[in-house]
Amino acid sequence: MPKFSAIEREKIYSLLLEKGEKLFNEKGFYAVTAEEVALSAGIAKGTFYHFFENKEHLFMVINNSLQASIFIRLQQMLEKPEKITQTESFYQLLCYIMDAFIENPLIINIDAQVWERIEAKAPKACIDENDARDSELVSIMGHSGFSFRYDLERTMKLLQMQFVQLAYIKRETQSIELMKIVLKALAEHLIKEDIK
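What you are looking at is a predicted structure, and each value in this text was computed from that prediction instead of being measured.

Enquirer: A description of the layout of surface pockets should follow, citing residues and the corresponding values.
Expert: A water-sized probe, rolled over the atoms, reveals where empty space remains. Of the volumes computed, that of the largest pocket is approximately 480 Å³. Surrounding the largest pocket, 25 residues form its lining, D134, L159, Q160, M161 and F163 being those nearest its centre. Where the lining of the largest pocket is concerned, the elements lending two or more residues are helix 4 (55-78), helix 5 (86-103), helix 6 (105-108), helix 7 (112-121), helix 8 (124-143) and helix 9 (152-173). If one sorts the elements of the lining of the largest pocket by residue count, helix 9 sits on top with 8 residues.

Put into structure tokens, the structure is as follows:
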């Protein structure tokens, strides 16, 4: 392994994240290679593999970081309840997530095929981090007064699957309105009762 100081390692790592995010956003998951990210960061391809196992690993580290930022804002929104029904409040949270994902092409373009490949190739710890964050968010929503029809794990999986489907809807129709209809139906289905 090349000898890098801690400062150099941090700089290279940050640069790989920055260049990787830019390339994934511009070109999409499949068109980007580890070699291209390394070249863009000004390092050798072999050096890339001292930081990440593969492009899927890099992708998930970036994805997890972006989602963590989005979820911090969601938690803040949950602390300021509005005087509307649970279903409407939950729908508004889902729309916020959708809008935040759309602003980050890397996230909104995760369809079922991309996710399947990431699950197969990215380190399990990255997938577990993503699931843990999603689970924590659903748990926080439950503690914030939302009454779900299903247990938290099933609710989380339904939300994850639906957001993967939104990537397909966006790609095929470019219709935000259709995506909102799907989210409205999801909110109406997942919320057990409308008490506020």
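Moving on from the model shown.
Enquirer: How would you sum up the pattern of salt bridges? Please name residues and give values.
Expert: Considering all chains together, one arrives at 9 salt bridges under this definition. For E88, the salt bridge identified is with K184, shortest N-O distance 2.7 Å. Placement of the pair is E88 in helix 5 and K184 in helix 10 (residues 176-190), with a sequence separation of 96 residues. Two residues, D131 and K157, come together in a salt bridge whose shortest N-O distance is 3.8 Å. One end of the pair, D131, is in helix 8; the other, K157, is in helix 9, with 26 residues separating them in the sequence. With relative accessibility at 36%, the residue K157 sits in the partly exposed group. One network of salt bridges, in which partners are shared, links D111, R171 and E172.

What counts, and where the lines are drawn
Residues numbered from 1 in each chain as written. Predicted model: local features only at pLDDT ≥ 70, side-chain atom pairs only at ≥ 80, totals over all residues. Heavy atoms only, no water. 1 Å grid on protein atoms, 1.4 Å probe; cavity = no way out; pocket = protein on both sides within 12 Å on 5 of 7 lines; lining within 4 Å. Points joined across faces, edges and corners; volume = space filled by probe spheres on them. Helix = DSSP H or I, 4+ residues; strand = E, 2+ residues; numbered from the N terminus. Salt bridge = Lys/Arg side-chain N within 4 Å of Asp/Glu carboxyl O. Buried < 20%, exposed > 50% of the residue type's maximum accessible area, 1.4 Å probe, protein only.

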